[in-house]
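Understanding the architecture of this molecule
The residues making up each chain are set out below.
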Amino acid sequence: MNAYFDIIIRSAAVYFFMVIALRVFGKKELSQLNTADVILILLISNSVQNAMVGNNTSLYGGLAAATVLFGINFVLKKLMFRYKIFNKIMQEKPLILIHDGNLDFKSLSKLNISSEELKEVIREHGVEHFGEVKLAMLEADGNISIISGKIHLKQTHHKRRLHKTLS
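**With respect to the pattern of salt bridges**
Applying the stated rule across the entire model yields two salt bridges. Notably, a salt bridge pairs D6 with R10, separated by 3.0 Å at the nearest N-O pair. Taken together, the residues D6 and R10, both in helix α1 (residues 3–25) and four residues apart, mark about one turn of the helix. Between E116 and K119 there is a salt bridge, with the nearest N and O atoms lying 3.4 Å from each other. Here the residue E116 and the residue K119 both occupy positions in helix α6 (residues 115–124), the gap between them amounting to three residues, near one helical turn. Overall, E116 belongs to the partly exposed group, its relative accessible area being 44%.

In structure tokens:
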């Protein structure tokens, strides 16, 4: 088998494995990485490097693997944009955390967001009480959007981070 064809197949397999693994483990918070996340990404990249290029450590082998990864990523983004069903499969849906001042405890429990953490988020947006929140959503990218019920409607975004006691 051609060495570069082997790199293409290996790189594609690793890419799809990583997409599935991130989807299964629900890593929504990639937009804001903590120390453990950075270490995980570095270790994963090191562990899958040989799986992609095998014994070929040449410049061309690395460039071939990188080209395949960029190409697959480009195609997947186009497919997600063009086909809504594919987009639904690949991306997680935004979840409502608060609606008209009422907390959705099922969603909060599923996401492991404590009421104290949520209070901190709404205070960072200038809102004192849950009752003042018209809508709070955990967006697909890990941001928490808050829309207050005040006269001057204010929309803000907050990137979810681990609670201080968890990090």
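Now, onward.
**Here's the deal with the packing of aromatic side chains**
Under the counting rule described, the total for this entry stands at one aromatic pair. Pairing Y15 with F16 gives two aromatic rings, centres 5.8 Å apart and planes at 90°, and the pair type is edge-to-face. A residue is classified by how much of its surface remains accessible, and F16, at 39% relative accessible area, is partly exposed.

**Observations regarding unusual backbone geometry**
Even without being glycine, D100 reaches a positive phi, approximately 50°. Structurally, the position occupied by D100 is in the loop between β1 (95–99) and β2 (102–103).

**Things to note about helix α3 (residues 59–82)**
Compared with an ideal rise of 1.5 Å per residue, which puts 24 residues at 34 Å, α3 spans 35 Å between its outermost C-alpha atoms and is within 8% of the ideal. Those residues of α3 that fall on the buried side of the exposure criterion are G61, A64, A65, V68, I72, L76 and M80.

**Let's talk about the confidence of the model for the protein chain**
For the protein chain, mean pLDDT is 79; residues scoring 70 or higher make up 81% of the total. When pLDDT is averaged over each element of the protein chain, α3 comes out on top at 90 and strand β5 (residues 155–159) at the bottom at 54. Predicted confidence for residues 162–167 stays below pLDDT 50, and this span has four contacts to residues more than four positions away or in other chains.

Scoring rules and cut-offs
Residues numbered from 1 in each chain as written. Predicted model: local features only at pLDDT ≥ 70, side-chain atom pairs only at ≥ 80, totals over all residues. Heavy atoms only, no water. Salt bridge = Lys/Arg side-chain N within 4 Å of Asp/Glu carboxyl O. Helix = DSSP H or I, 4+ residues; strand = E, 2+ residues; numbered from the N terminus. Buried < 20%, exposed > 50% of the residue type's maximum accessible area, 1.4 Å probe, protein only. Phe/Tyr/Trp six-rings, centres within 6.5 Å; stacked < 30°, edge-to-face > 60°. Expected span 1.5 Å × (residues − 1). pLDDT = per-residue confidence, 0-100. Contact = heavy atoms within 4.5 Å.

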